[in-house]
Amino acid sequence: MKPSLLPILLSSLFLVLSADPVYSQTSLKDIPPEKYFDFWIGEWNLTWEDPDGSTGTGVNKIERILNDAVIKENFEGLTGVYAGFIGKSYSVYQPASGEWKQTWVDNNGGYLDFTGKFVDNRRLFTRTGIDLNGNPIMQRMIFYDIREDSFTWDWEVSRDAGNTWTLNWRIKYERAK
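The structure displayed is predicted, hence computed values, not measured ones.

Q: I tried to follow the overall build of the protein chain on my own but got confused; where do I start?
A: When helices and strands are counted, the protein chain shows 2 helices and 10 strands. Its helices and strands in sequence order give the protein chain the pattern α-α-β-β-β-β-β-β-β-β-β-β, from N to C terminus. Looking at the protein chain as a whole, 36% of its 177 residues are labelled buried. Taking the contacts inside the protein chain whose residues are at least 6 apart along the sequence as the reference set, 32% of them involve residues at least 24 apart. On the protein chain, roughly 10600 Å² of surface is accessible, and the fraction owed to carbon and sulfur atoms is 54%.

Structural data, given as structure tokens:
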């Protein structure tokens, strides 16, 4: 090996070895359960397709609070049908039950409570509820295609006890620079 290549190889090795394991190990089997949502920490620019085909935008700041025991979400819709929509969630891992829990509240008076589950390296929060007509429904959020600087989030509903799901909202997350 030529001596001039050695510094480049050593620098490359250092970058690989110092990479954040949450991003380099996206498989859930490689991450302790209390770290399953650490990929989400940070500031994000959001885009989605509105019903009329235009692009809606928003921002989301995710941070750990309360001695790093809780993940706090700060969502704000900037343009499109969700302009002015503001919401916050609080997510926590409960070691005794081995479950993740999330509570969502928003400026429309919304309150939703979820339980986390994990299927095929996708992170899901699910809940049961009642629609505006009094019918039972299931709702879920799915975090998937998780990469260091991006992921996709889907909001879905089921009206048949989870046999089929309808996509209501897909958000593309890009890490803010």
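Additional details are given in the paragraphs that follow.
Q: For this particular structure, what's the right way to read unusual backbone geometry?
A: Even without glycine at this site, Asp120 takes up a positive phi of about 50°. Here Asp120 is to be found in the loop between strand E6 (111-119) and strand E7 (122-130). The class for Asp120 is exposed, based on a relative accessible area of 72%. Not every positive phi belongs to a glycine, and Ala161 is a case in point at roughly 60°. Within the element layout of this structure, Ala161 appears in the loop between strand E9 (150-158) and strand E10 (166-175).

Q: It is not clear to me how the nonpolar core should be interpreted in this structure. Could you clarify?
A: Of all hydrophobic cores here, the largest spans 28 residues; its most connected members are Phe37, Trp40, Phe143, Phe151 and Trp153. For this core, the elements supplying multiple residues, two or more each, are strand E1 (42-49), strand E3 (70-79), strand E5 (99-106), E6, strand E8 (136-144), E9 and E10. If near-sequence neighbours (up to four positions away) are discounted, Trp153 is found in contact with Met141, Ile142, Phe143, Trp169, Arg170, Ile171 and Tyr173.

Q: Looking at this structure, I do not really get the pattern of salt bridges. What am I missing?
A: Proximity of charged atoms lets side chains of opposite charge pair with each other. The full count for this structure, using the stated rule, is 9 salt bridges. Where Lys35 meets Asp38, a salt bridge forms, and the shortest distance between an N and an O atom there is 3.7 Å. Here Asp38 falls in the buried class, since its relative accessible area comes to 13%. A salt bridge links Arg147 to Asp145; its shortest N-O distance comes to 3.0 Å. Residues participating in the shared-partner salt-bridge network are Lys35, Asp38 and Arg64.

Q: Explain the pairing of E6 here, please?
A: Consecutive side chains along a regular strand alternate between the two faces of the sheet. Here E5 runs beside E6; their pairing, made up of 5 bridges, is antiparallel. Bridged to Trp104 within E6 is Leu112. Taking the residues between adjacent antiparallel strands as the criterion, E5 and E6 are bridged by 4 residues, where Gly109 takes a positive phi near 85°. Summarising the sheet, E6 and E7 pair through 5 bridges and their orientation is antiparallel. In the strand pairing of E7, Lys117 is matched with Leu124. Between the antiparallel neighbours E6 and E7 lie 2 residues, among them Asp120 with a positive phi of about 50°.

So, how was this worked out
- Residues numbered from 1 in each chain as written.
- Predicted model: local features only at pLDDT ≥ 70, side-chain atom pairs only at ≥ 80, totals over all residues.
- Heavy atoms only, no water.
- Helix = DSSP H or I, 4+ residues; strand = E, 2+ residues; numbered from the N terminus.
- Buried < 20%, exposed > 50% of the residue type's maximum accessible area, 1.4 Å probe, protein only.
- Contact = heavy atoms within 4.5 Å.
- Areas by Shrake-Rupley, 256 points an atom, 1.4 Å probe, with all protein chains shown as cover.
- Core = buried A, V, L, I, M, F, W, Y, C linked by side-chain atoms within 4.5 Å.
- Salt bridge = Lys/Arg side-chain N within 4 Å of Asp/Glu carboxyl O.
- Pairing = 2+ DSSP bridges.

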